[in-house]
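# Coordinates in review
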Amino acid sequence: MRAFTYERATSVEAAAKAAASNPDAKFIAGGTNLLDLMKLDIETPTHLIDVNGLGLDEIKATSDGGLRIGALVRNTDLATHDTVRRDYGLVTRALVAGASGQLRNRATTAGNLLQRTRCPYFYDTNQPCNKRQPGSGCSAIGGFSRQHAVIGVSDACIATHPSDMAIAMRALDAVVETVKADGTQRSIPLADFHTLPGETPHIETVLNRDEVITAVLLPPPVGGKQIYRKVRDRASYAFALVSVGAVLQRDGTGRVAVGGVAHKPWRVAEADAALPNGARQAAGALLADAQPTEQNRFKIQLVERTLGAVLAEARG
Ligand code: SF4
């Protein structure tokens, strides 16, 4: 690990200004991903801005009947919150499907959205990787790509986003609230928060360097059966090959987001509309423009089958 300086920010504004004044600074909260990346020399910040003391750890009802989740709410606290369990069960189910109890005790809501891909080549500093070192090439294309994305890919990168929670929040139309160093606030729909790799896979969100996530907002509850099904190579402590987060109403309508297939949580309006017609049509709409590799082509059918299982579970 390289040497770095460290400060504890005492306000959101101070944290944003500290980031604005140092292009090599990083925010740190739970550190469950960043510290690993620093030890491996993948992330090399010269300065860490600790945001744990900013008081962003409350879950509160909003005036429109939704929920405001502070950026620093720990994953365990979010998953076990009474209102979340009752009205946003999809979030709880997705959270407990991810990581381990110890990691969930430490990891934060904002950090969960910002965690980086688990592409093995990204973590192997002996291998070319455009995300780690722009312009060096992509070892996964033509390499071992069983875990990788099948849609929204580019010639530069085929990595997936690893978050389970983000899939639930995408299905629930979450909005990310931020503050920049100049005091400007933004409300960014989660649909627009993560980017596709394109020619710049090292850029993963629309956040500016000096932008602090303060909260994630959930709209008023939508009811329905909320199911998160994660398919992975082993029963626990593994990232999704494919995951399906769905909210399904009695009349067959609903919404669905899919993980393990793209650089961001994947949701398509046509797939939501096709849900009453069954898994085949909805999965077809979700992955209409898929560009799988030979090794991960199986994910196309796996999405359909996983969605089929989710629809069957909803029907009881
Ligand atoms: Fe790097 Fe993306 Fe290629 Fe993985 S898929 S090696 S993260 S560029």
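The structure this text deals with has already been given above.
Calculation rules
- Throughout this document, residue positions are counted from 1 along each chain, in the order its sequence is written.
- Only residues with pLDDT of at least 70 get local features here, since the model is predicted, and only at 80 or more are side-chain atom pairs given and counted; chain-wide, interface and lining totals rely on the full set of residues.
- Computation of side-chain values: all heavy atoms of the structure, hydrogens and water removed.
- In DSSP terms, a helix is any run of H or I states spanning at least four residues, a strand is any run of E spanning at least two, and both are numbered starting from the N terminus.
- For this measure, only C-alpha atoms enter the radius of gyration; the expected value for a globule follows 2.2 Å times N^0.38, where N is the number of residues.
- Burial classification: accessible surface area is computed with a 1.4 Å probe over protein chains only, and a residue below 20% of its type maximum counts as buried, one above 50% as exposed, and the rest as partly exposed.
- We call two residues in contact whenever any of their non-hydrogen atoms come within 4.5 Å of each other.
- Using a 1.4 Å probe, accessible areas were evaluated by the Shrake-Rupley method; residue-level cover was limited to the displayed protein chains.
- Stacked, edge-to-face and tilted are the three classes for Phe, Tyr and Trp ring pairs, Trp counted by its six-membered ring, which pair at centre distances within 6.5 Å; planes under 30 degrees apart are stacked, over 60 edge-to-face, the rest tilted.
- The criterion is simple. A nonpolar core is a set of buried Ala, Val, Leu, Ile, Met, Phe, Trp, Tyr and Cys residues joined through side-chain atoms within 4.5 Å.
- Regarding the arc, it is the one traced by the directions from the helix axis to the C-beta atoms.
- A fitted line through C-alpha atoms represents every axis, and for helices the fit uses only the stretch in contact; the resulting angles, taken between N-to-C directions, go from 0 to 180 degrees.
- Any angle that falls under 35 degrees is termed roughly parallel, while one over 145 is termed roughly antiparallel, one within 65 to 115 roughly perpendicular, and all others oblique.
- Helix crossings get a hand from a simple test, with the near helix turned counterclockwise from the far one by less than a right angle marking a left-handed crossing and a clockwise turn marking a right-handed one.
- Each pair of strands is called paired provided DSSP finds at least two bridges between the two strands.
- Near, as used in this document, describes a residue that has one of its heavy atoms within 4 Å of the molecule or strand being considered.
- In this classification, the charged set is Asp, Glu, Lys and Arg, the nonpolar set is Ala, Val, Leu, Ile, Met, Phe, Trp, Tyr, Cys and Pro, and all remaining amino acids, among them Gly, are polar.
- Think of a salt bridge as a Lys or Arg side-chain nitrogen and an Asp or Glu carboxyl oxygen that are within 4 Å of each other.
- Site definitions follow a grid-based scheme: protein atoms alone, a 1 Å grid, a 1.4 Å probe that fits but cannot get out for cavities, and for pockets an open set with protein on both sides within 12 Å along at least five of seven lines, plus lining residues having an atom within 4 Å of a point.
- Grid points are joined across faces, edges and corners, and a volume is the space filled by probe spheres set on the points.

In terms of regular secondary structure, the protein chain is built from 13 helices and 11 strands. By the compact-globule yardstick of 20 Å for 316 residues, the protein chain fits well, its C-alpha radius of gyration being 19 Å. With the principal axes as the frame, the protein chain shows a C-alpha extent of 55 × 50 × 35 Å. Counting all 316 residues of the protein chain, 53% fall into the buried class. Taking all contacts inside the protein chain whose residues are at least 6 apart in sequence as the whole, residues at least 24 apart take part in 62%. As displayed, the protein chain offers around 14,200 Å² of accessible surface, 48% of which is attributable to carbon and sulfur atoms.

Next up on the list: the packing of aromatic side chains. What describes a pair of aromatic rings is the distance from one ring centre to the other and the angle between the planes of the rings. Applying the stated criterion across every chain, the model contains 1 aromatic pair. Their ring planes at 85° and their centres at 5.3 Å tell us that F122 and Y123 sit as a pair that is edge-to-face. Its relative accessible area of 0% is what places F122 among the buried residues.

On to the nonpolar core. Among the nonpolar cores identified, the biggest contains 51 residues, and L78, V91 and M169 are the most heavily contacted of them. Here this core takes 6 residues from helix α9 (residues 165–171), the largest share from any one element. When neighbours within four sequence positions are excluded, M169 is seen to be in contact with I69, L78, V91, T109, A174, L190 and V216. Counting 29 residues, the second largest nonpolar core, distinct from the first, contains I151, V256, L287 and V310.

Inspection of helix α1 (residues 12–20) places V12, A15, A16, A18 and A19 among the buried residues, and these make up the whole buried set. For α1, the buried positions fall inside an angular range of 160° around the axis, keeping them on one side. On its buried side, α1 packs onto β1 (5–8), β2 (25–28), β3 (47–50), β6 (175–179) and β8 (212–218).

Interhelical geometry of helix α12 (residues 279–286) versus helix α13 (residues 298–315) gives an angle of 135° and a closest axis separation of 9 Å. For the element pair α12 / α13, the angle class is oblique. Regarding α12 and α13, the two cross each other, and that crossing is right-handed. Across from A279, R280, A282, A283 and L286 in α12, the residues of α13 making contact are V303, E304, L307, G308 and L311.

With 4 of 5 residues buried, β6 is to be regarded as a mostly interior element. The hairpin formed by β6 and strand β7 (residues 185–189) contains 5 residues between the paired strands, and G183 there has a positive phi angle of roughly 90°. Direction of pairing for β6 relative to β8: antiparallel, over a ladder of 5 bridges. Counted as the bridge partner of V175 is L217 from β8.

Surrounding the ligand, one finds 14 residues, the nearest of these being C119, C129, C138, C157 and I158. A breakdown of the residues in the shell around the ligand according to their chemical character gives 10 nonpolar, 3 polar and 1 charged.

A separate point is the pattern of salt bridges. Considering all chains together, one arrives at 18 salt bridges under this definition. In this structure, the salt-bridge partner of D233 is R146, at a minimum N-O distance of 2.7 Å. In this pair, D233 sits in the loop between β9 (225–231) and β10 (242–248) while R146 sits in the loop between α8 (120–123) and α9, placing the two residues 87 residues apart along the sequence. When its relative accessible area of 47% is taken as the criterion, D233 is described as partly exposed.

Moving on, we get to the sheet that holds strand β4 (residues 59–61). Here we have 5 strands laid out as an open sheet, ordered β4-β5-β8-β6-β7, and antiparallel in their pairing. Each end of this open sheet is capped by a strand with a single partner; those strands are β4 and β7. This sheet shows a mean twist of 25° between the axes of neighbouring strands, independent of strand direction. Strand contacts of α1: β6 and β8, with the helix running at about 125° to β8, the strand carrying the most contacts.

A positive phi angle, close to 65°, is found at D41, a residue other than glycine. Tracing the sequence through the fold places D41 in the loop between α2 (34–39) and β3.

Taken as a whole, this structure holds 3 cavities of 30 Å³ or more when the rule is applied. There is about 90 Å³ of room inside the largest cavity. Residue lining of the largest cavity: 16 residues in total, with C119, C129, C138, C157 and A159 positioned closest to the centre. When the residues that make up the lining of the largest cavity are grouped by side-chain class, the tally is 10 nonpolar, 5 polar and 1 charged. Roughly 50 Å³ of volume is contained in the second largest cavity. Looking at the second largest cavity, the residues that line it are Q115, R116, T117, K131, T160, H161, P162, E204 and H263. Along the lines of polarity and charge, the residues of the lining of the second largest cavity split into 1 nonpolar, 5 polar and 3 charged.

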